[in-house]
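Listed below, chain by chain, are the residues.
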Amino acid sequence: MVTKTMTKACRAVAAALVAGALVVVPNAQASAGPPPGDDGSAPVVTGAASIVPQWTYGNRPEVGSRQPVTAEPTVDRPGTAPCTVQLFTDRKFVPRDGAPPQDYSYSPSAKCAGPWSKVVLESDFRADPDAALYDKTAQLFLGGVTLYYGTTAGPGNYQEDYPTYTGPNPKVIPQWHEENDLTEYSALFAKPQDGKVHLDNDAWQGSYFTPATVDHGVYWTAKLVFYPVASGNPAPAVADEVRSLDPNTDEGKVVWNDSQALTYTFNDLPRNLERVYLDVQREGQRGDEFYNTSTNSAAGGRGVREFEVKVDGQPAGVVPAYPYKYTYSNGGGYRNRNWAPVPAVSAFNFVSYRVDLSPFAGVLSDGQPHTVSINGYNLPDAAPTRTPVFGSCSTTAAGLCTPQPGPGYVLTGGSFWYLMGNLVLYRDHGATTTSGEVTVNTLSAVPTLEVNTATPRRAVVTHDHVISGYVNTSHGKVVTTLDQKIKLDTNITNAANTPVNQLTEYVVKTTVSNGADTSSTTVNLNYLDQNGVNRADGLNTFGWTYAAQAQRNGVAGNWVEISDLYTTVPGSDLAQQRYVASDASGKCYDRTLEADVSSRTTPPPAKQASITKVSDGVACEALLLDEFANLVEDVKSSGLNHGNTNALTVKLDQALKLLQSTKGDKSGAAVAVLTGFMTQVRGLEQAGKLTADQAGRLVDAAYRIITTVNTLPPRAS
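## Comments concerning the sheet that holds strand β2 (residues 102-106)
Then comes step 1: Taken in spatial order, the four strands make up an open sheet running β2-β7-β4-β5, and their pairing is antiparallel. Each of the sheet's edge strands pairs with one partner strand only, and the pair in question is β2 and β5 (145-151). Here the strands of the sheet are splayed against their neighbours by 15° on average, with no regard to which way each runs.
Then comes step 2: In terms of strand pairing, strand β4 (residues 137-142) meets strand β7 (residues 193-199) through five bridges, oriented antiparallel. Bridge pairing links L140 to V197 in β7.

If you want it as structure tokens, here you go:
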């Protein structure tokens, strides 16, 4: 319901703003038709650091629920009837055997022939309540290409050590659902391929011990859902090929020093490339789970990590590290929470980082072998040990096992990172060959690092560079220029246990010129990890914000903003995750989950971590009121006589009252009234009462309102 108490101050959509890949996803709800007046002035330039936003609310959790849940949206779905291909069902990963990787096979179904308007990966997880699975890495590969990367929920009572907990509170059987939009990777699903699924484990150690006689584990079910293109609609633009930097991987490349790299030499790249991207996943493990507070670094820059991308040894991009926090311990100066039932931002479903390699597309099309690599910067050079899992152990002496060779293994000790990379290739369909070169590259092999060793310790890492290159295509010379600035500013742990205060800011302007036509997108991505003592609001805050703005030939175009933040109140058991997104078309999403996240060590009878409040659409309702108010002002200032002005404003008031109704969902009726408003505006234009420009602005504003209405959270009828 749209409440009358909302004000512009509530428009927190812009508070910590974020924006995605500037992709407008068709809306499956009621609408008045296609957006009017689309003359191509709002271009989309996807590329460096781009994120595709989604706008669909998942199932609303119940207050009191202890099941894992996040505030993030699910994948938007078109209205066509889908077809499903099951990848595997209830694959079980058991701590006692090291949970080795498992094979699966994919075969496209004749019933699911492309092209597709949407391809969605759905993953469902559940865990036995006594399985010692805590923040375990879940990986899904097809032909070596990473389809999914995340971690698991910790099962059991969400308190104290498990699986040995014997207190009075009932244990939880965690179950959760994740979705990934794989539409851009559609070419990958056109042929049969083998895949790997992996959920690694080190549960034979310490208090997370699972005896050899116990086969409790975690279960993973996955399927691909294909949505055909609706009749008369064009298919979406998707990559022509997606290739892995590690085609035979079953867990990703493991690196622990700067000289190691995920690297692959491609001998058969297409000869007609126009755009090239590299999607990177990176995850710190063992000591580097907490790299942002680490005193263990290679070159004095404590808490500093990043990854360098190279093409044929030439610097080509930078991937900032992201301080993922997992379900057992969040580290970083926060209290030792289980992140239950609400996990840390992106912990269940990692967001890949996109590097734009399009300036190199002409070079990569020359028919020669080319090597793409990713290596770390400032990794601590602390090698892990590849340890075989145990065969038999005492069921009571946790951690006192004598490891015996088995089907699985664990990486113990040290500090290391998993690296994965998908090379995403777009061809020029009008030419068999393209050519070009890199004309400017000021990216250095390592960043500028400044370290203050006095208390409080501080490290600052910066990049400021330009990479530009061109491709000779069938439609002329295409020049891609990346103007990038990256800054990591971090306080680092010392003897005084400095509260963490780490901010990473990435700003890139991607400009693509083709003759006289120039499009650009400016992206601002921020990673935040701050203790409350370092913030004006006093809240421990973790997550990311993202904002992007497109232009074409100097005219502002589309924009998208997203914020995904997790906050905790120091000294209390209160936590909140809030995900907010909006874009230029009027789409909006806002979900807040509040939870009690009682720590494990709370003595019985302990509180049980659970959802305490769910709020949907608050910022979107505020946005909607702003849009109505602005449209009313536009009508009044359009120069119409009193009668015509009143007729239009009456329709807007009627639509708003329908949306504010407490008697069920009246959004469809409101859309019908707004459609009538647009028809009336066009009639006034035809009668010469409004200019084409005036009418276009009023109709565009009404359509934005309809779009916002269509993305409001579901309501009971």
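## Section: the confidence of the model for the protein
Then comes step 1: In this model, the protein carries a mean pLDDT of 83, and residues with pLDDT of at least 70 account for 78%.
Then comes step 2: Scored below 50 in pLDDT, residues 1-44 makes 123 contacts in the model with residues more than four places away or belonging to other chains.
Then comes step 3: Ignoring residues within four places in sequence, the model shows residues 391-401, a span with pLDDT below 50, making 21 contacts including any to other chains.

## With respect to the state of the cysteines
Then comes step 1: Counted by the stated rule, this structure contains two disulfides.
Then comes step 2: Each sulfur in the disulfide pair C83 and C112 lies 1.7 Å from the other. Its torsion about the S-S bond being -70°, the disulfide of C83 and C112 is classed as left-handed. Taken as a pair, C83 in strand β1 (residues 83-93) and C112 in the loop between β2 and β3 (116-127) lie far apart in primary sequence, 29 residues in all.

## Structural notes on the pattern of salt bridges
Then comes step 1: All told, the structure shown has 23 salt bridges when counted by the stated rule.
Then comes step 2: The partner of R427 in a salt bridge is E241, with the nearest N and O atoms 2.5 Å apart. Separated by 186 residues along the polypeptide, R427 in strand β19 (residues 415-427) and E241 in strand β9 (residues 241-244) bring together distant segments of the chain.
Then comes step 3: A salt bridge links R552 to D517; its shortest N-O distance comes to 2.6 Å. Taken together, the residues R552 in strand β26 (residues 540-552) and D517 in strand β25 (residues 517-530) connect sequence positions 35 residues apart.

## Considering the packing of helix α4 (residues 667-686) against helix α5 (residues 692-710)
Then comes step 1: With their axes 9 Å apart at the nearest point, α4 and α5 run at an angle of 175° to one another. The orientation of α4 with respect to α5, classified from their angle, is roughly antiparallel. Here S667, V671, L674, T675, F677, M678, V681, R682 and E685 of α4 come into contact with α5, specifically with A692, A695, G696, L698, V699, A702, Y703, I705, I706, V709 and N710.
Then comes step 2: Each residue belonging to the contact of α4 with α5 can be placed in one class, and the counts come to 14 nonpolar, four polar and two charged.

## So, the pairing of strand β22 (residues 458-473)
Each regular strand shows side chains that alternate between the opposite faces of the sheet.
Then comes step 1: Sheet topology places strand β20 (residues 435-441) next to β22; six bridges connect them, and they run antiparallel. Each residue of the ladder has a partner; that of E437, found in β22, is Y470.
Then comes step 2: Here strand β21 (residues 448-452) runs beside β22; their pairing, made up of five bridges, is antiparallel. Counted as the bridge partner of N452 is R458 from β22.
Then comes step 3: In this structure, the hairpin formed by β22 and strand β23 (residues 476-491) is closed by a connection of two residues.

## Some words on the packing of aromatic side chains
Aromatic rings in a pair are described by how distant their centres are and how their planes are angled relative to each other.
Then comes step 1: Under the counting rule described, the total for this entry stands at 24 aromatic pairs.
Then comes step 2: A ring pair is formed by Y322 and Y527, whose centres lie 4.8 Å apart and whose planes are at 80°; its orientation type is edge-to-face. On the criterion of sequence distance, the pair formed by Y322 in the loop between β14 (314-320) and β15 (353-356) and Y527 in strand β25 is long-range, its members being 205 residues apart. Assigned by exposure class, Y322 and Y527 land together as buried.
Then comes step 3: Taken together through their ring pairs, the aromatic side chains of F88, Y104, F125, Y148, W176, W220 and F348 make up a single cluster.
Then comes step 4: It is R275 that lies over the ring of Y426; its NZ or CZ is 4.1 Å from the centre.

## Topic: the sheet that holds β14
Then comes step 1: The four strands are arranged β11-β16-β13-β14 in an open sheet whose pairing can be described as antiparallel. In the strand order of this sheet, the two ends are held by β11 (261-266) and β14, each with one partner. The average angle at which neighbouring strand axes cross in this sheet is 15°, direction not considered.
Then comes step 2: With six bridges connecting them, strand β13 (residues 306-311) and strand β16 (residues 370-377) associate as antiparallel partners. Within β16, the position partnered with E308 by the bridge is N375.

## With respect to the environment of Y589
Then comes step 1: Turning to its location among the elements, Y589 is positioned in strand β29 (residues 588-596).
Then comes step 2: The contact partners of Y589, leaving out residues within four places of it in the chain, are W55, T56, Y57, A71, E72, P73, Y579, V580, A581 and C620.

## With respect to empty space enclosed by the protein
Then comes step 1: By the definition in use, this model includes six cavities of 30 Å³ or more.
Then comes step 2: There is about 110 Å³ of room inside the largest cavity.
Then comes step 3: In terms of lining residues, the largest cavity is bounded by 14 residues, among which I51, V351, S352, L525 and Y527 are the most central.
Then comes step 4: Those elements that place two or more of their residues in the lining of the largest cavity are β15 and β25.
Then comes step 5: Per-class residue counts for the lining of the largest cavity are nine nonpolar, three polar and two charged.
Then comes step 6: Considered as a void within the structure, the second largest cavity measures approximately 60 Å³ in volume.

## Details of the side chain of E627
Then comes step 1: Relative to the elements of secondary structure, E627 occurs in helix α2 (residues 618-636).
Then comes step 2: Of the side chains with opposite charge, R704 lies nearest to the buried E627, which makes no salt bridge, at 5.3 Å.
Then comes step 3: Beyond its immediate sequence surroundings of up to four residues, E627 is in contact with G586, R704, I705 and T708.

## Details of the side chain of R305
Then comes step 1: For R305, the location among the structural elements is in the loop between β12 (273-286) and β13.
Then comes step 2: Taking the relative accessible area as the measure of exposure, R305 reaches 2% and is therefore buried.
Then comes step 3: One polar contact links R305 to D288, side chain to side chain, over a distance of 2.8 Å.
Then comes step 4: At a separation of 3.2 Å, a polar atom in the side chain of R305 contacts the main-chain carbonyl oxygen of N378.

What counts and how
Residues numbered from 1 in each chain as written. Predicted model: local features only at pLDDT ≥ 70, side-chain atom pairs only at ≥ 80, totals over all residues. Heavy atoms only, no water. Pairing = 2+ DSSP bridges. Helix = DSSP H or I, 4+ residues; strand = E, 2+ residues; numbered from the N terminus. Axes fitted to C-alpha atoms, helices over the stretch in contact; angles between N-to-C directions. pLDDT = per-residue confidence, 0-100. Contact = heavy atoms within 4.5 Å. Disulfide = S-S within 2.5 Å. Salt bridge = Lys/Arg side-chain N within 4 Å of Asp/Glu carboxyl O. Parallel < 35°, antiparallel > 145°, perpendicular 65-115°, else oblique. Nonpolar A, V, L, I, M, F, W, Y, C, P; charged D, E, K, R; others polar. Phe/Tyr/Trp six-rings, centres within 6.5 Å; stacked < 30°, edge-to-face > 60°. Buried < 20%, exposed > 50% of the residue type's maximum accessible area, 1.4 Å probe, protein only. Lys NZ or Arg CZ within 6 Å of the ring centre and 35° of its normal. 1 Å grid on protein atoms, 1.4 Å probe; cavity = no way out; pocket = protein on both sides within 12 Å on 5 of 7 lines; lining within 4 Å. Points joined across faces, edges and corners; volume = space filled by probe spheres on them. Lys, Arg positive; Asp, Glu negative; His and termini not counted. Polar contact = N/O pair within 3.5 Å; in protein donor to acceptor, adjacent residues only side chain to side chain.

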